[in-house]
Amino acid sequence: MTDTDSPAPVEKVQKRIVSLDQFRGYTIAGMFLVNYMGFFVVCPVVLKHHNTYCSYADTIMPHFLFAVGFAFRLTFGRRVKSEGAFSAYMRVVRRLLGLVLVSLIIYRVSPIAKTWSELQSIGVWDTIAGPLKRNWFQTLMHIAVTSLWILPVIRSRASVRIAYMIFSAAAHVVLSYYFYFTWVNSPPNGIDGGPLGFLTWTIPAIIGTLACDWVVEAKDLPRVKPILIWSTILMLLGWGISCGTRFYDVPVAEQSNPAYQNQKLAAHPVIPDAAQFKAKQGKPFNAYLAEPPFVKPPEQQQRQWNYWMMSQRAGTLAYLVFTAGLSLFVYLLFHLACDRGSFQLPLFRTLGTNALVAYILHDLVMESVKPFATKDSPEWYAWGSFVLFFWITWLIVRHLEKNKIHLRL
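A quick note: this is a predicted structure, and the numbers were derived from the prediction, not measured.

## Some points on the overall build of the protein
Part 1: Across its full length, the protein holds 15 helices and 0 strands.
Part 2: The C-alpha radius of gyration of the protein comes to 22 Å, within 12% of the 22 Å expected for a compact globule of 409 residues.
Part 3: For the C-alpha atoms alone, the extent of the protein along its principal axes is close to 65 × 50 × 50 Å.
Part 4: The proportion of buried residues among the 409 residues of the protein is 51%.

Written out as structure tokens, the structure reads:
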């Protein structure tokens, strides 16, 4: 990964980077697919979100954060040069706080109480605790909070950003040890890492800033080999970290024990106790290896939930390191196809250049189409309704594109 002392290395590129728009458009299209089809029984397992391993559905949100980091690094340097540092920082803070407000509006909350007296009896904290944990902290809120979190280092050299990323990840591990992993996995369960998820969502965002340096600072075309090597290292590192989950395998003799069957979460989810370490002694090497990403682990009674599994709900370290590497690799494919070749899919361009509109609209269109389907709909009906949903959403976004209407925050 590159290390540079230039605070704003991106000013010299003025035109849009096609690969970034196409990558973002692909991510939006993937979001449409998993968010809509995940409702149906006939949906393939790989397209559903899971809490114990990484599926295709779980790769979409890290792509968003990667693209956010890339674009943030790209545009902020230009803004500092044209407006001055203070004005640029104040502008981006206002915009991100605006995105927080948009998130609070979009991610609606069910009525907290039926009467005023009931609402008063609940109290302020109990009123907001549920929405704070589950409703509000979804994709847009995480983008806003993570961007605010990395703002102090967005113009720093690569080594500073990497150190900040490692510090954020370490803070997430420590907080998960003390309370956070158990809390976010307790009813009402958190979503997308919960309110402290920004600490690990920082990983794909910072990797996105490094990818921006790699693409923009190259005197000609950037070298492919280093980015391919780093993406592979990150994916392997993420999988390696996930191998810690094997310390939480339930011994065969205990799998029928009600104490294990009724306790989904491990008692010590971050650091295994002495008995768990001892149980692994003398085991063959493969007993320490976790299932690779996209492969479902054993059922609950065979392994208790722990911090080292890949979990989007908990925003675990293994999950975000692996998917950051995967985002880097997928972006590299788009770079090769678009920046070096002539590939450009109009669908991805439409969605990628107006991503915020597409995100907001897709939920509204889903709410209009899904009432006419049921979870047990036959396969032909489920996929047919998906095509209708996708077409309507694309049609509106395409109309806005034709009229040069774009929503950006």
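After that view, the rundown keeps rolling.
## A look at a nonpolar patch on the surface
Part 1: Taken together, the side chains of Val174, Tyr177, Tyr178, Phe179, Ile271 and Phe277 present a nonpolar region at the surface, about 640 Å² in accessible area.
Part 2: It is helix α7 (residues 158-184) that provides the largest number of residues to the nonpolar patch, a total of 4 residues.
Part 3: Take Tyr178: it is sitting in helix α7.
Part 4: A relative accessible area of 62% places Tyr178 in the exposed class.

## As for the packing of aromatic side chains
Part 1: Applying the stated criterion to the full structure yields 31 aromatic pairs.
Part 2: With a centroid separation of 6.2 Å and an interplanar angle of 75 degrees, the aromatic rings of Tyr26 and Phe348 are classed as edge-to-face. Taken together, the residues span a long stretch of sequence, with Tyr26 in helix α1 (residues 18-37) and Phe348 in helix α13 (residues 346-353) at a distance of 322 residues.
Part 3: Assessed through its relative accessible area of 12%, Phe348 is described here as buried.
Part 4: An aromatic cluster is present here, built from Phe32, Tyr36, Phe39, Phe40, Trp383, Phe386, Phe389 and Phe390 joined pairwise through their rings.

## Structural notes on the side chain of His362
Part 1: By the secondary structure assignment, His362 is in helix α14 (residues 355-369).
Part 2: In this structure the side chain of His362 is engaged in a polar contact, spanning 2.6 Å, whose partner is the backbone oxygen of Tyr359.
Part 3: If sequence neighbours within four positions are ignored, His362 has contacts with Met31, Phe32, Asn35, Phe389 and Thr393.

## Quick look at unusual backbone geometry
Part 1: Of note, the bond from Pro187 into Pro188 is cis; its omega dihedral lies within 30 degrees of zero at -10 degrees.
Part 2: Residue placement: Pro188 occurs in the loop between α7 and α8 (198-216).
Part 3: Despite not being glycine, Asp192 has its phi angle at roughly 55 degrees, a positive value.
Part 4: Taking the relative accessible area as the measure of exposure, Asp192 reaches 12% and is therefore buried.
Part 5: Although it is not a glycine, Lys404 adopts a positive phi angle of roughly 55 degrees.
Part 6: As for its position among the elements, Lys404 is in the segment after α15 (379-402).
Part 7: The class of Lys404 is exposed, set by a relative accessible area of 71%.

## Notes on the pattern of salt bridges
Part 1: Taken as a whole and judged by the stated rule, the model has 13 salt bridges.
Part 2: As a salt-bridge pair, Asp249 and Lys280 come within 3.3 Å of each other at their nearest N and O atoms. In this pair, Asp249 is assigned in the loop between α9 (224-242) and α10 (258-261) and Lys280 in helix α11 (residues 274-280), connecting sequence segments 31 residues apart.
Part 3: Of the residues examined, Lys280 reaches a relative accessible area of 7% and is grouped as buried.
Part 4: Taken together, the salt bridges that share partners define one network made up of Arg246, Asp249, Lys280, Glu291 and Arg303.

## What about helix α3 (residues 85-106)?
Part 1: An ideal rise of 1.5 Å per residue puts 32 Å on 22 residues; α3 measures up with 31 Å between its terminal C-alpha atoms.
Part 2: The set of residues buried in α3 consists of Ala88, Val92, Leu96, Leu99, Val100, Ser103 and Ile106. The buried residues of α3 occupy one face: seen down the axis, they fall within an arc of 130 degrees. Exposed residues pointing more than 90 degrees away from the buried face of α3 are listed as Phe86, Arg94, Leu101 and Ile105.

## With respect to the nonpolar core
Part 1: Of all hydrophobic cores here, the largest spans 116 residues; its most connected members are Phe70 and Phe389.
Part 2: Setting aside residues up to four positions removed in sequence, Phe389 forms contacts with Phe32, Tyr36, His362, Val365, Met366 and Val369.

## Regarding helix α12 (residues 317-339)
Part 1: Compared with an ideal rise of 1.5 Å per residue, which puts 23 residues at 33 Å, α12 spans 32 Å between its outermost C-alpha atoms and is within 8% of the ideal.
Part 2: Among the 23 residues of α12, 18 are classified as buried, and the element is accordingly described as predominantly covered.

## What about the packing of α1 against helix α2 (residues 60-83)?
Pairs of packed helices are described in terms of their axes, by the angle between the two and the distance that separates them.
Part 1: Packing of α1 against α2 leaves a shortest axis separation of 9 Å and a crossing angle of 155 degrees. Looking at the two axes, α1 sits roughly antiparallel to α2. For the element pair α1 and α2, the recorded crossing hand is left-handed. Here Leu20, Phe23, Arg24, Tyr26, Thr27, Ile28, Gly30, Met31 and Val34 of α1 lie close against α2, whose contacting residues are Ile60, His63, Phe64, Phe66, Ala67, Phe70 and Ala71.
Part 2: Class assignment for the residues of the contact of α1 with α2 results in 12 nonpolar, 3 polar and 1 charged.

## Brief notes about the environment of Leu104
Part 1: Its location among the elements puts Leu104 in helix α3.
Part 2: C-alpha separation for the pair Leu104 and Asn135, spaced 31 residues apart in sequence, amounts to 8.7 Å.

Cut-offs used in this document
Residues numbered from 1 in each chain as written. Predicted model: local features only at pLDDT ≥ 70, side-chain atom pairs only at ≥ 80, totals over all residues. Heavy atoms only, no water. Helix = DSSP H or I, 4+ residues; strand = E, 2+ residues; numbered from the N terminus. Rg over C-alpha atoms; globule rule 2.2 N^0.38 Å. Buried < 20%, exposed > 50% of the residue type's maximum accessible area, 1.4 Å probe, protein only. Patch = residues over 30% accessible without salt bridge, like charges linked within 9 Å, V, L, I, M, F, W, Y side chains within 5 Å. Areas by Shrake-Rupley, 256 points an atom, 1.4 Å probe, with all protein chains shown as cover. Salt bridge = Lys/Arg side-chain N within 4 Å of Asp/Glu carboxyl O. Phe/Tyr/Trp six-rings, centres within 6.5 Å; stacked < 30°, edge-to-face > 60°. Polar contact = N/O pair within 3.5 Å; in protein donor to acceptor, adjacent residues only side chain to side chain. Contact = heavy atoms within 4.5 Å. Expected span 1.5 Å × (residues − 1). Arc of directions from axis to C-beta. Core = buried A, V, L, I, M, F, W, Y, C linked by side-chain atoms within 4.5 Å. Axes fitted to C-alpha atoms, helices over the stretch in contact; angles between N-to-C directions. Parallel < 35°, antiparallel > 145°, perpendicular 65-115°, else oblique. Left-handed = near helix turned anticlockwise from the far one by under 90°. Nonpolar A, V, L, I, M, F, W, Y, C, P; charged D, E, K, R; others polar.

Fair warning: the whole summary comes from geometry, so function is off the table for now.
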